[in-house]
2 protein chains.
Amino acid sequence: MRQPSSKRNTIAEIAAKAGVSIPTVSRVLNNRPDVAPGTRKRVEQVIEECGFTRNRATPSSRKESSGIVDMRVTDLANMYSVEIIRGVEEALERTELRLALSVTRSSSQLEQRWLNKVLNGTTDGAILVLARGQSQDLDTLRQHKIPFVVVDHRGELGPDVPSVGATNWLGGRMATEHLLSLGHRRIAVIRGHADLRCSRDRVAGYRAALEDAGIPVEPELVRRGEFSQQTGYEQTCALLDLPNPPTAIVAGCDIQVVGVYGALRERGLSVPNDMSVIGFDDVPIASIVTPALTTIRQPLVEMGRVATTMLLRLIAEEPLDSMRVELTTTLVERDSCAPFCPLNAKG
Amino acid sequence: MRQPSSKRNTIAEIAAKAGVSIPTVSRVLNNRPDVAPGTRKRVEQVIEECGFTRNRATPSSRKESSGIVDMRVTDLANMYSVEIIRGVEEALERTELRLALSVTRSSSQLEQRWLNKVLNGTTDGAILVLARGQSQDLDTLRQHKIPFVVVDHRGELGPDVPSVGATNWLGGRMATEHLLSLGHRRIAVIRGHADLRCSRDRVAGYRAALEDAGIPVEPELVRRGEFSQQTGYEQTCALLDLPNPPTAIVAGCDIQVVGVYGALRERGLSVPNDMSVIGFDDVPIASIVTPALTTIRQPLVEMGRVATTMLLRLIAEEPLDSMRVELTTTLVERDSCAPFCPLNAKG
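Our subject in this report is the structure included herewith. (Residues numbered from 1 in each chain as written. Chains lettered and ligands numbered in written order. Predicted model: local features only at pLDDT ≥ 70, side-chain atom pairs only at ≥ 80, totals over all residues. Heavy atoms only, no water.)

Thoughts on the relation of the copies chain A and chain B
The following threshold applies: Copy-to-copy alignment: least squares on C-alpha atoms, limited to residues at pLDDT 70 or above in both. What makes two residues a contact is simply this: any of their non-hydrogen atoms within 4.5 Å.
Superposition of chain A onto chain B requires a rotation of 180° combined with a translation of 0.0 Å along the rotation axis, giving an RMSD of 0.1 Å. Seen this way, the second copy is the image of the first under a two-fold rotation axis. Taking C-alpha positions as the reference, the residue of chain A nearest the rotation axis is A100 of chain A, at 2.0 Å. In this assembly the copies share their binding face: 100% of the residues contributing to the interface of chain A also contribute to that of chain B.

Dropping the structure here:
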């Protein structure tokens, strides 16, 4: 593979061969969205044909690139993190940067170890999934001038923290409104961990939808827990044991639904005839469970991509258009919700 | 965090504090299995308490460590690769090494790009999942003296290629014997891609079990395809269209089963009453599908761990006990297989 003698020459050569301007080549190299698809394709073809090696993300970088972007996720046991990783990896694919991945299982000891590895090694920047908003980790990264972006934070974020999320409030509201439109009135919601902002926002959306419909929020229908199958199971059992159980459940995430379905099956109840269920995330299991799950899609792969694009700009010391980006959630209708049928409701 | 002044002193200090020998500390640091659990715990506690930073994997390394192990997987869309990544990440957790992850989607262009990134950057070693056995990539890594381990190869491996796999032949045989023991005689098998050694070995195990039972292998019951949901669906439809369909299916992997189940549901057939189905892998979806899947478990997390342990030894220029390690597959019984019932069999 030919190594270009100097970066400026290379970009100029690519621009000439592709018949575009130098800034356009630069935008393609930095994975910026503001390039027409046809133009991007032509530039990428030239890059490919000439066997150019892309230079690292940061033409104007203050120091030499390490070639590494560090990413920290809490676990790989469900597909939530994996989808975000897919987006990050895809966005880095056409750069020379490699993705260094760590899993911390929400353990502060492992989080500390990750920080030590990053600080003892070299890194161009970091992407932290579900990091605590007000945390020493973020302060430490800032002190070491390591650019970072947070995806789906815990707790509160300061205004100076670059972050990516989804419109969780709107998603929670949409899920609840969908069930209301089917005639349901006793609608339960299952939360994730209380310090997860995304979970709290979803529940706030649920409350807003009920309030708009003039339906009081009943505390017994708002269930606490974690984003886990176990929580889905336990809270569904608790809901079914109420004197007046709900006719529909808004799950905190798709993984919880596996437990929700299990609890309903154990009691001989069918989805959606006896209970409507709606999930959140639209990870692959949503179409694998039976019946296939109606859910609120959050664009996890795209969140990973956008976080990476933001990080590449921070690394290149370019300004961000916005410190906080929220991508849209959408309703994906499958087979787990049915109109409310008074015959099936107890009490 | 205190940085030890010299590696030998550090290990000696840890040994003294933990009351063990220096070689024992070294074994713990290198994630070697030959340490008693209590001893390992004590040594790790001392390491933790003193805030020692572990030195990189390679006390005797010929060159300075880069702090990076590179891993290449074909995709993240199913849990097969993710489970292996989990094992690698866990094994690296207590070293100072970071895991650089790349996804190549079996594209030779992306594989080439990965190789360029690894060669242009720095790496201590590489783990390649589903790499071609006879390939330029492996030759190039060898030429650059980059240690590597292959997990589940394609094609054939030379005797000099360190690799980890599972006992796929035995697994295919066990799956088929389980169905035979339930009285099934017309048993179909769905393959993965023909150049995947693991898939070919599973089908060979299927043939061996049938032959031992004196049952001829019928070519129409051996179906070709990929390790995908789509293949599961298509091949099950084809099997059901046979004049004399099977009463049981050995799927090539758990992902295929999602398609197998879908095709059966479409025809109004129930699992296991109308058709017994057995999977391969035991990824999380095996217990999420309905009915829960009886499957052959391959220890994917452990395969990742073992590959990492082997790689750390290669990095440290220690000899391997064996170039090829195969971990045991086991039968996990759930609800998708039932005794053969002559009333249900057509023809």
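Now that the structure has been shown, the text picks up again.
Some remarks on the nonpolar core
Short version of the rule: For the purposes of this section, nonpolar cores are sets of buried Ala, Val, Leu, Ile, Met, Phe, Trp, Tyr and Cys residues that join through side-chain atoms within 4.5 Å. Working definition: with a 1.4 Å probe on protein chains only, accessible area under 20% of the residue-type maximum means buried, over 50% means exposed, and in between means partly exposed.
In this structure, M71, I85 and V277 of chain A together with M71, I85 and V277 of chain B are the most contacted members of the largest nonpolar core, which totals 148 residues. If we ignore the near neighbours within four places in the chain, the residues touching M71 of chain B are I84, I85, V88, L99, A100, L101, S102, W114, I127 and V129 of chain B.

Remarks on the sheet that holds strand β8 (residues 248-250) of chain A
Residue and element names in this part refer to chain A. Using the following cut-off: Only strands joined by at least two bridges in the DSSP assignment are considered to pair. The helix and strand labels rest on DSSP assignments: H or I over at least four residues marks a helix, E over at least two residues marks a strand, and numbering proceeds from the N terminus. Between the N-to-C directions of two axes lies an angle of 0 to 180 degrees, each axis being a line fitted to C-alpha atoms and, for a helix, fitted only over the stretch in contact.
Spatial strand order, β7-β6-β8-β9-β10-β12: 6 strands in an open sheet with mixed pairing. Looking at the sheet topology across the chains shown, the edges are occupied by β7 (222-223) and β12 (330-332). Strand direction decides the pairing type here: β8 and strand β9 (residues 276-281), joined by 3 bridges, are parallel. Looking at β9, one finds that A248 is bridged to S276. Where helix α7 (residues 168-181) meets the sheet, it contacts β6 (187-190), β8, β9, β10 (294-297) and β12, and its direction lies at approximately 165° from that of β9.

Some words on the sheet that holds strand β9 (residues 276-281) of chain B
Residues and elements named next belong to chain B. Strand order in the open sheet formed by 6 strands is β7-β6-β8-β9-β10-β12, and the pairing between neighbours is mixed. Two strands bound the open sheet, and with one partner strand each, they are β7 (222-223) and β12 (330-332). Sheet topology places strand β6 (residues 187-190) next to strand β8 (residues 248-250); 3 bridges connect them, and they run parallel. Among the inter-strand pairings, V189 is bridged to a residue of β8, identified as V250. Most of the contacts of helix α8 (residues 197-212) go to β6, to which it runs at about 165°, and overall it touches β6, β7, β8 and β9. Each of β6, β8, β9 and β10 (294-297) is contacted by helix α10 (residues 254-266), which is oriented at about 160° to β9, the strand it contacts most.

Some thoughts on the packing of helix α7 (residues 168-181) of chain B against α8 of chain B
Residue and element names in this part refer to chain B. This is how the line gets drawn: Under this scheme an angle from 65 to 115 degrees is roughly perpendicular, one under 35 degrees roughly parallel, and one over 145 degrees roughly antiparallel; angles in between are oblique. For any helix crossing, the convention is left-handed if the near helix is rotated counterclockwise from the far helix by under a right angle, and right-handed if that rotation is clockwise.
Interhelical geometry of α7 versus α8 gives an angle of 40° and a closest axis separation of 6 Å. In terms of their interaxial angle, α7 and α8 are classed as oblique. Judged by the sense of rotation from one axis to the other, the crossing of α7 with α8 is right-handed. Along its contact with α7, which presents N168, W169, G172, R173, T176, E177 and L180, the element α8 presents C198, D201, R202, A204, G205, Y206, A208, A209, L210 and D212.

Some details on α8 of chain B
Residue and element names in this part refer to chain B. Test applied: A helix's residues, less one, multiplied by 1.5 Å, set its expected span.
Helix length check: α8 (16 residues) gives 22 Å between terminal C-alpha atoms against 22 Å at 1.5 Å per residue, within 8%. Taken residue by residue, α8 has C198, S199, D201, R202, V203, G205, Y206, A208, A209 and L210 as its buried positions. In this structure, the buried side of α8 is in contact with α7, β6, β7, β8 and β9.

A look at the pairing of strand β4 (residues 148-151) of chain B
Consecutive side chains of a regular strand alternate in pointing toward one face of the sheet and then the other. All names here are of chain B. The test is simple: When the strands point away from the viewer and the path from the first strand over the helix to the second turns clockwise, the crossover is right-handed.
Residues of β4 alternate between two faces, with F148 and V150 on one and V149 and V151 on the opposite face, all of them buried. With 4 bridges connecting them, strand β3 (residues 125-129) and β4 associate as parallel partners. What sits directly across from A126, in β4, is F148. What joins β3 to β4 is helix α6 (residues 136-143), and the crossover it makes is right-handed.

Describing the interface of chain A and chain B
Applied cut-off: Buried area: the sum, over both parts, of the accessible surface (1.4 Å probe) that disappears when the two are put together. Whenever a carboxyl oxygen of Asp or Glu lies within 4 Å of a side-chain nitrogen of Lys or Arg, that contact is scored as a salt bridge. Contacts described as polar in this section are N or O atom pairs within 3.5 Å, which, within protein, must combine one atom able to donate a hydrogen with one able to accept it, while residues neighboring in sequence count only if both atoms come from side chains. Only Asp, Glu, Lys and Arg are considered charged, only Ala, Val, Leu, Ile, Met, Phe, Trp, Tyr, Cys and Pro nonpolar, and every remaining residue, Gly among them, polar.
Each partner contributes residues to the interface: chain A has 44 residues there, and chain B has 44 residues. At the boundary of chain A with chain B, total buried surface from both sides reaches about 3700 Å², with 51% on carbon and sulfur atoms. Of all residues in chain A, R98, K117 and I288 of chain A bury the most surface against chain B, accounting for 20% of the area lost on that side. A salt bridge links E93 of chain A to R105 of chain B; the shortest N-O distance between them is 2.8 Å. Taken together, the links from chain A to chain B amount to 18 residue pairs in polar contact (both at pLDDT 80 or more). Only β1 (68-73), α4 (79-93), β2 (98-103), α5 (108-120) and α10 (254-266) of chain A provide two or more residues apiece to the side of chain A that touches chain B. Per-element tally for the side of chain A that touches chain B: the top contributor is α4 of chain A, with 8 residues. Looking at side-chain class alone, the side of chain A that touches chain B contains 19 nonpolar, 11 polar and 14 charged residues. With 3 bridges joining them, β2 of chain A and strand β2 (residues 98-103) of chain B adopt antiparallel strand pairing. By the bridge assignment for β2 of chain B, A100 of chain A is matched with A100 of chain B.

Remarks on the side chain of S65 of chain A
All names here are of chain A. By secondary structure assignment, the location of S65 is in the loop between α3 (37-50) and β1. Engagement of the side chain of S65 in a polar contact is seen with the backbone nitrogen of G67, the distance being 3.0 Å. A polar contact is formed between the side chain of S65 and the side chain of D124, at a distance of 2.5 Å.

What about the packing of aromatic side chains?
The description of two aromatic rings rests on the distance between their centres and on the angle between their planes. Cut-off, in case you're wondering: Aromatic pairs are defined between Phe, Tyr and Trp rings, using the six-membered ring for Trp, whenever the two ring centres lie within 6.5 Å; interplanar angles under 30 degrees are classed as stacked, those over 60 as edge-to-face, and all others as tilted. A ring has a charge above it when a Lys NZ or an Arg CZ is no more than 6 Å from the ring centre and no more than 35 degrees off the ring normal.
Scanning the entire structure with this criterion turns up 0 aromatic pairs over all chains. Above the face of the F280 of chain A ring, R202 of chain A is positioned so that its terminal group lies 3.8 Å from the ring centre.

Some points on the side chain of T140 of chain A
Along the polypeptide, T140 of chain A turns up in helix α6 (residues 136-143). We classify T140 of chain A as buried; its relative accessible area is 15%.

Brief notes about the pattern of salt bridges
Overall, the coordinates contain 48 salt bridges over all chains when judged by the stated rule. Across the pair E220 of chain A and R186 of chain A runs a salt bridge whose closest N-O atoms are separated by 3.1 Å. Taken as a pair, E220 of chain A in the loop between α8 (197-212) and β7 and R186 of chain A in the loop between α7 and β6 lie far apart in primary sequence, 34 residues in all. With relative accessibility at 14%, the residue R186 of chain A sits in the buried group. Across the pair R154 of chain B and D195 of chain B runs a salt bridge, and its minimum N-O distance is 3.5 Å.

Observations regarding α7 of chain A
Residue and element names in this part refer to chain A. The end-to-end C-alpha distance of α7 is 20 Å, a good match for the 20 Å that 14 residues give at a rise of 1.5 Å each. N168, G171, G172, R173, A175, T176, H178, L179 and L180 are the residues of α7 that are buried. Immediately beyond the C-terminal end of α7, within one or two residues, lies G183, with a positive phi of roughly 95°.

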